[in-house]
Amino acid sequence: MLQGKRIAVGVGGGIAAYKAGDFVRELRRQGAVVRVAMTKAAQAFISPLTLQSLSGESVMVELFDPAQEERFGHLHLARWADAFVVLPATADLLARIATGQGNDAVTTSLLAFRGPVLLAPAMNTAMWDHPAVQRNVATLRATPRTHLVGPGVGPLADGDVGAGRLSELPELISATRALFTGGTLQGKRVLITAGPTREALDPVRFLSNPSTGKMGLAVAEAAHARGAQVTVVLGPVGEVGSLPYEVVRVTTADELLAAVLPRVGEADFFVASAAVSDWKPAQVSSRKTKKGEGPESLQLVRTPDVLLTASAQVHAAARRPVLVGFAAETHDVLAYARGKLEKKRLDFIVANDVSADGAGFAGDTNVVTVLGADGSERQVRGTKREVANRLWDVLEAVAP
Ligand code: CTP
């Protein structure tokens, strides 16, 4: 799909600039012709010579370089390129692009460029969340021919998840391809549940589990990079900052169900990755329970099964989304997963052996088997993002 495409890559000055090398290499591996422009700040993170070797073309670093202007001035780059990708798009670079400045090789080339532009923001979470940055992002989203990919969500030092990482290579490549095709999930609606739920015992105590929402957010990011319209119903995982798709925050299983039911009928894909509490306390005290008051044991009642309820609702309708569940298991993984696939009438279930090495709740990697209602079985191992992309490779093929 990228064969023969001419892609200008504008590199900004952020810690993720070193990843521009991998991106350029992968574009070329897929047949694209690549030319690079860099900001001054970018050169502090990766050398023009490195990007020159990887792209096989001279790199534009100065706005007015008599030696380069002839063949490779900003107008030449702009006229030459079929698409323009900026990574990492730092806060400063986003501000300059949003306000139409042309004060270095990257921004000036962009101003003169008439084709599709992809910006891949990357910065510290606090910077990304700053109202000034978000204003610039809103301006850029509303700018014709301009698309954003990411930023991805990653772990923060305090254990929260936050937005700010440069999207991973598969997302960057998918989003670049989408500039030409409109995206393999263009026009599709994707509804995802992610994270844990929390069931209160009293104002200061609750029942929950250690889910971080990372797997669900990786599935969301991968779908968004392929052009889908994504909504994530997200349980309590701390601040995630502004994400490039709709996020509905909920706390309890009942709230999760209330957010899903009105939306699932419209969706083309429903991916239930939330680790929903199966039980909640029968009684919730409005006041903090003191030690002396007990109780010694808890009385619990079942919470709604969100996926089962949503599945029943859409099976009764004329048209239904592709239904995907997750099964976290420690033993008899595939047998239990297939049982859930059948019971909840799903199209696919992602069986996750949480006792295996490199798998589980909080880590960045996962080992899963994607089971299909047609009896298919595919093993996928890698980062949660890689797993998310392989999952979409499978799901895309059965899009309604
Ligand atoms: N799920 C849900 N609502 C619940 C429980 C589970 O939507 N109350 C969804 C999960 O998001 C997941 C799938 O159902 O996609 C399987 O969840 P899991 O908890 O593993 O299965 P259960 O059916 O609860 O079975 P068990 O706890 O006995 O393993």
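The residue numbering used here restarts from 1 in each chain and proceeds along that chain's sequence as written. This being a predicted model, a pLDDT of at least 70 is required before a residue's local features are given, and a value of 80 or more before pairs of side-chain atoms are given or counted; all residues contribute to the totals for chains, interfaces and linings. Values shown for side chains rest on all heavy atoms present in the structure; no hydrogens or waters enter the calculation.

*Asks:* Describe the pattern of salt bridges, naming the residues involved and giving the relevant values.
*Replies:* The salt bridge criterion pairs a side-chain nitrogen of Lys or Arg with a carboxyl oxygen of Asp or Glu, the two atoms within 4 Å. Throughout the structure, instances matching the rule amount to 19 salt bridges. With a closest N to O distance of 3.4 Å, R25 and D22 form a salt bridge. Of the two residues, R25 and D22 both sit in helix α1 (residues 19-29), three residues apart, roughly one turn of that helix. Since its relative accessible area comes to 48%, R25 is described here as partly exposed. Beyond isolated ion pairs, a larger network of salt bridges with shared partners links R165, E168, E171, E221 and R385. The secondary structure listing takes helices from DSSP runs of H or I that are at least 4 residues long and strands from runs of E that are at least 2 residues long, numbered from the N terminus. Only protein chains enter the accessibility calculation, which uses a 1.4 Å probe. A residue is then buried if its area is under 20% of the maximum for its type, exposed if over 50%, and partly exposed in between.

*Asks:* Tell me about the packing of helix α10 (residues 214-225) against helix α14 (residues 384-396), and name the residues and values.
*Replies:* Contact pair α10 / α14: the axes reach a minimum separation of 8 Å and the direction vectors enclose 55°. In terms of axis orientation, α10 runs oblique to α14. The interaxial crossing formed by α10 with α14 has right-handed handedness. Taken together, the residues of α14 that come into contact with α10 (itself represented by K214, M215, A218, V219, E221, A222 and A223) are K384, R385, V387, A388, N389, L391 and W392. Here, axes are lines fitted to C-alpha atoms. For helices the fit covers the stretch in contact, and angles between N-to-C directions go from 0 to 180 degrees. For this classification, under 35 degrees means roughly parallel, over 145 means roughly antiparallel, 65 to 115 means roughly perpendicular, and everything else is oblique. In a left-handed crossing the near helix is turned counterclockwise from the far helix by less than a right angle, and in a right-handed crossing that turn is clockwise. Contact criterion: two residues are considered in contact whenever any of their non-hydrogen atoms come within 4.5 Å of each other.

*Asks:* Give a description of the layout of surface pockets that names residues and reports values.
*Replies:* A pocket, in this scheme, is an open set of points on a 1 Å grid over the protein atoms alone with protein on both sides within 12 Å along at least 5 of 7 lines, while a cavity is a set where a 1.4 Å probe fits but cannot get out; residues line either one if an atom lies within 4 Å of a point. Grid points are joined across faces, edges and corners, and a volume is the space filled by probe spheres set on the points. Roughly 860 Å³ of internal volume is contained in the largest pocket. Surrounding the largest pocket, 39 residues form its lining, A274, A275, V276, F326 and A328 being those nearest its centre. Contributions of two or more residues to the lining of the largest pocket are made by α10, α12 (306-315), β16 (322-329), α13 (333-343) and β17 (348-353). When residues are sorted by character, Ala, Val, Leu, Ile, Met, Phe, Trp, Tyr, Cys and Pro go into the nonpolar class, Asp, Glu, Lys and Arg into the charged class, and all the rest, Gly among them, into the polar class. A breakdown of the residues in the lining of the largest pocket according to their chemical character gives 16 nonpolar, 14 polar and nine charged.

*Asks:* Would you mind going over the sheet that holds strand β2 (residues 33-38) in detail, with residue names and values included?
*Replies:* The strand order β2-β1-β3-β4-β5 describes an open sheet built from five strands, whose pairing is parallel. Only two strands of the sheet have a single partner each, and these edge strands are β2 and β5 (146-148). Averaged over all adjacent pairs, the angle separating strand axes in this sheet is 20°, with direction ignored. A pair of strands is labelled paired if DSSP reports no fewer than 2 bridges between them. Bridge count between strand β3 (residues 83-89) and strand β4 (residues 117-121): four bridges; the pairing is parallel. Along β4, the bridge assignment pairs A89 with P121. Across the sheet, helix α5 (residues 91-98) touches β3 and β4, and the angle it forms with β3 is around 140°. The sheet strands contacting helix α9 (residues 169-181) are β1 (6-11), β3, β4 and β5, and the helix crosses β4 at an angle near 160°.

*Asks:* Got a sec to walk through α14? Specific residues and values, please.
*Replies:* By this rule, a helix spans an expected 1.5 Å times one less than how many residues it contains. Compared with an ideal rise of 1.5 Å per residue, which puts 13 residues at 18 Å, α14 spans 18 Å between its outermost C-alpha atoms and is within 8% of the ideal. Turning to α14, its buried residues number three or more, namely K384, R385, V387, A388, N389, L391, W392, V394 and L395.

*Asks:* Give a detailed account of the domain arrangement of the protein chain, specifying residues and quantitative values.
*Replies:* Domain start and stop points were drawn from an automatic or database domain assignment. Looking at the assigned domains, one finds that the protein chain contains domain 1 (6-181) and domain 2 (189-282 + 294-396). For domain 1 and domain 2, the distance between their C-alpha centroids amounts to 33 Å. Across the boundary between the two partners, domain 1 contributes 23 residues, which contact 19 residues of domain 2. The buried area of a pairing is the accessible area, by a 1.4 Å probe, that goes missing from both parts when the two are put together, added over both. Both sides together, the interface formed by domain 1 and domain 2 hides about 1,600 Å², and carbon and sulfur atoms give 54% of it. Where domain 1 touches domain 2, the interface holds two salt bridges. Notably, a salt bridge pairs R385 with E168, separated by 3.9 Å at the nearest N-O pair. A 3.5 Å cut-off defines polar contacts: any pair of N or O atoms within that distance qualifies, except that in protein one atom must be a possible hydrogen donor and the other a possible acceptor, and neighbouring residues in sequence count only when both atoms are side-chain atoms. The interface formed by domain 1 and domain 2 contains six residue pairs in polar contact (both at pLDDT 80 or more). Tallying contributions element by element places α9 first for the side of domain 1 that touches domain 2, with five residues. Looking at the side of domain 1 that touches domain 2 residue by residue, the class counts come to eleven nonpolar, six polar and six charged.

*Asks:* Report on the packing of aromatic side chains, specifying residues and quantitative values.
*Replies:* The relative placement of two aromatic rings is captured by the distance of their centres and the angle of their planes. Stacked, tilted and edge-to-face pairs are distinguished by plane angle, under 30 degrees for stacked and over 60 for edge-to-face with tilted covering the rest, among Phe, Tyr and Trp rings (Trp via its six-membered ring) whose centres lie within 6.5 Å. Summed over all chains, the structure comprises two aromatic pairs. With a centroid separation of 5.1 Å and 85° between ring planes, the pair formed by F269 and W392 is classed as edge-to-face. One end of the pair, F269, is in strand β13 (residues 269-272); the other, W392, is in helix α14, and 123 residues separate them in sequence.

*Asks:* Give me the lowdown on the pairing of β2, citing residues and values where you can.
*Replies:* Taken across its six residues, β2 has five buried, putting it largely inside the fold. Where β1 lies against β2, six bridges are found, and the strand directions are parallel. Looking across to β2, one finds that G10 is bridged to A37. Whether a crossover is right-handed depends on one test, that the path from the first strand over the helix to the second runs clockwise when the strands point away from the viewer. Handedness of the β-α-β unit built from β1, α1 and β2 comes out right-handed.

*Asks:* So what about unusual backbone geometry? Which residues, and what values?
*Replies:* Looking along the chain, the bond that leaves L87 and enters P88 is cis, with omega of -15°. Within the fold, P88 resides in strand β3. Note that the residue after G150, namely P151, is joined by a cis bond; omega there is 5°. With respect to the secondary-structure elements, P151 resides in the loop between β5 and β6 (152-155). Of note in this structure, R145 is not a glycine but carries a positive phi near 70°. Secondary-structure assignment places R145 in the loop between α8 (131-141) and β5.

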